[in-house]
Amino acid sequence: MSSRSSKDLLSFTEDLLTRVYEKLGSESDRKSWRLVCREFLRVDSLTRNHLRVLRVEFLQSLPGKYPRLQSLDLSVCPCIDDGTFSLLLNRHASGSESGSLSWFSWARGLKRLTLSRAAGLGFMGLEALVHACPSLESVDVSYCCGFGDREAAALSNAARLRVLKMDKCLNVSDVGLAKIVVRCGKLERLSLKWCMEISDLGVDLLCKKCLDLKFLDISYLKVTNESLRTIATLQKLEVLAMVGCPLVDDVGLQFLENGCPLLQGIDVSRCECVSSSGLISVIKGHGSLRELNASYILSELCTTFLHCIKGLKHLEMIRIDGSRIAEPSFSVISNYCKSLVEIGLCKCVGVTNMGIMQLASGCITLRVLNLTCCGSITDAAISAIAESCRNLVCLKLESCNMITEKSLYQLGSFCSVLEEIDLTDCCGVNDKGLEYMSNCSGLKCLKLGICTNVSDKGLFSIGSNCPKIHELDLYCCSGIGDEGLGALSMGCKNLMKLNLSYCNEITDRGMEYISCLEELSDLEMRGLEKVTGTGLAAIAAGCKRLADLDLKHCVKVNDSGFWALACYAKNLRQINLSYCPISDMALCLVMGNLTRLQDAKLVHLSNVSVDGFELALRACSFRIKKVKLFAPLRFLLSSEILENLHARGCKIRWD
């Protein structure tokens, strides 16, 4: 930086710099900001209100640097336990670190805390944390396998809690829920998805104590109609999610007809005992319904159901995946549901060109349309959608095999704001079609899996005109090679998720191109038989943000690639090494050095001995959450290591 530029920057007031900082949209931009100079770093520290800690070793020093911290995300720190928080809070309380703020300065202002998957956190740590953070309003403890009734009791001391997410906290029972609802009466949003020990009793007490509830998710719970009877008394409830509740039927939904006067959204997908009769009851009582998800429960759209749909003038989203639809049904939806923004027709029987044309002619405000596995539609239907629904943002066309480049020409010409399109298994898609699609310059997600007529030429078009793409799926695109990846690396710098599995023409040269994608966090490269350790080493060294890596059946990758992975890929959280020729030493190095690793698939590693598996599992036993192993190892590994993994909350899958 020149001396004149430095003086100009120093002349900016703190207020002006803060305003500039607040305009930065992405984390990478904010990181670049921090690296400019000390003054910019200071502005970042004073302004930042959200912090996502990537490594537990940084937790002791980071929070105290941000006095305005309101949101703390620890979901990617697998090693957090009671001791971690005890050390953190005691350290800042005593002010032992020079220049650090006391916990009164950051913990007292904390409002949102994400502890998802923190398996080692117990009631003592939670109790201390809640005591130190009296302003907490939102907590996420989803997938915390050690979270039970005692932990719920500790969390209940957060009296200001308004948002609580406890998805798949399998040890929480009605007792733990009772502790929370009695003390946290201001709850407005609560998710209990997969909390299998929660029953009608707990839901009944919840509805009596938390009268301000606006959002409730009881998906997959074994609750009965009695729970819906009490839920119907919630006067402020706006959204109810009850996916896959096997014991709820139409009688339960009838309770909602005269209850929950503010209900705007309901999700009853996969409730096997619910039929159109129950949905009709809900619709009759809630003419202002905006969202309705009835996927995989309706065998067909009956006349009575369609008649009720006519009264939903404000309906914005409807999903009826898996239903049988007659052509006149589309006319009803088109004529009476003018406000529709999203419609889901995945795997629906009876979806025809004429039906889609009718739908498109009336629902011109559509932004999301799912036509997955609607194999009867052709270019005529897609042309009608493109010409009528010009604000379309997301279009899913997986397995629509009759679609050709003509459809993509229409979409590229009329749907300029399209951001996501799924063309998986659409064999009519070719390079010319991708050239047309590249006119959608704002495209962010493109799925081309099993599109065998796509080659490097098509990727050149995408790479040249679609710089905003962050997800690209090229699964089994056999025509893709190194040159196409070169075009992507030059034009799609924001790419975060890339699937190259079974693109057999890709070599180490292609991997060197991919290594230039600094934002890449998720890479699938199964079955790349021409990629060696050199290619993997390039990925490890260049893609510093890589968090999820799938190397299954990469049979030419040798230990040199795995050593580079262990050395450079410090942010890796998930890895699949199944069927790779990795050795004992390399496996131990990978599992030991990757300190953020939580999920590993280690099936059919023919070059790894039983002792090698033992050492590798010991090296990661204190942080690993999931591991998949070859079934015979169940009887060969020591009971000590298996018990140790189980005690620390690790789930072992045997293949």
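Residues numbered from 1 in each chain as written. Predicted model: local features only at pLDDT ≥ 70, side-chain atom pairs only at ≥ 80, totals over all residues. Heavy atoms only, no water.

1. Digging into the UniProt feature "domain: F-box/LRR-repeat protein 15-like leucin rich repeat" (unreviewed entry) in the chain
In the numbering used here, UniProt assigns the "domain: F-box/LRR-repeat protein 15-like leucin rich repeat" (unreviewed entry) feature to residues 351-580. Secondary structure across residues 351-580 divides into 37% helix and 12% strand, with the first and last C-alpha atoms of the span separated by 44 Å. (UniProt positions renumbered as here; feature names shortened; annotations may be inferred. Helix = DSSP H or I, 4+ residues; strand = E, 2+ residues; numbered from the N terminus.)

2. Topic: the environment of Leu155
Positionally, Leu155 belongs in helix H8 (residues 149-155). Overall, the relative accessible area of 1% leaves Leu155 in the buried class. Excluding residues that lie within four positions of it along the chain, Leu155 makes contacts with Val130, Val139, Phe147, Leu161, Leu164 and Cys184. (Buried < 20%, exposed > 50% of the residue type's maximum accessible area, 1.4 Å probe, protein only. Contact = heavy atoms within 4.5 Å.)

3. Comments concerning the packing of aromatic side chains
Inspection of every chain in the model, using the stated rule, returns three aromatic pairs. Consider the rings of Tyr409 and Tyr436, whose centres lie 5.0 Å apart with planes at 75°: the pair is edge-to-face. With Tyr409 in helix H18 (residues 405-414) and Tyr436 in helix H19 (residues 431-437), this pair connects stretches of sequence that are 27 residues apart. Positioned above the aromatic ring of Trp194 is the side chain of Lys168, whose terminal nitrogen or guanidinium carbon lies 5.5 Å from the ring centre. Lying over the aromatic face of Phe215, Arg189 brings its terminal NZ or CZ to 4.3 Å of the ring centre. (Phe/Tyr/Trp six-rings, centres within 6.5 Å; stacked < 30°, edge-to-face > 60°. Lys NZ or Arg CZ within 6 Å of the ring centre and 35° of its normal.)

4. What about the packing of helix H24 (residues 559-568) against helix H25 (residues 584-593)?
At their nearest, the axes of H24 and H25 sit 8 Å apart, and the two run at 15° to each other. In terms of their interaxial angle, H24 and H25 are classed as roughly parallel. Where H24 crosses over H25, the two elements pack in a sense that is left-handed. Residues Asp559, Phe562, Trp563 and Ala566 of H24 touch H25, and the partners they reach there are Ala586, Leu589, Val590 and Asn593. The class makeup of the residues in the contact of H24 with H25 is six nonpolar, one polar and one charged. (Axes fitted to C-alpha atoms, helices over the stretch in contact; angles between N-to-C directions. Parallel < 35°, antiparallel > 145°, perpendicular 65-115°, else oblique. Left-handed = near helix turned anticlockwise from the far one by under 90°. Nonpolar A, V, L, I, M, F, W, Y, C, P; charged D, E, K, R; others polar.)

5. Considering the nonpolar core
Among the nonpolar cores identified, the biggest contains 204 residues, and Met166 and Ile231 are the most heavily contacted of them. Sorting elements by how many residues they give to this core places H25 first, with five residues. Setting aside residues up to four positions removed in sequence, Ile231 forms contacts with Val203, Cys207, Leu216, Ile218, Leu237, Leu240, Leu256 and Cys260. Leu17, Tyr21, Phe40 and Val43 belong to the second-largest nonpolar core, a separate cluster that totals five residues. (Core = buried A, V, L, I, M, F, W, Y, C linked by side-chain atoms within 4.5 Å.)

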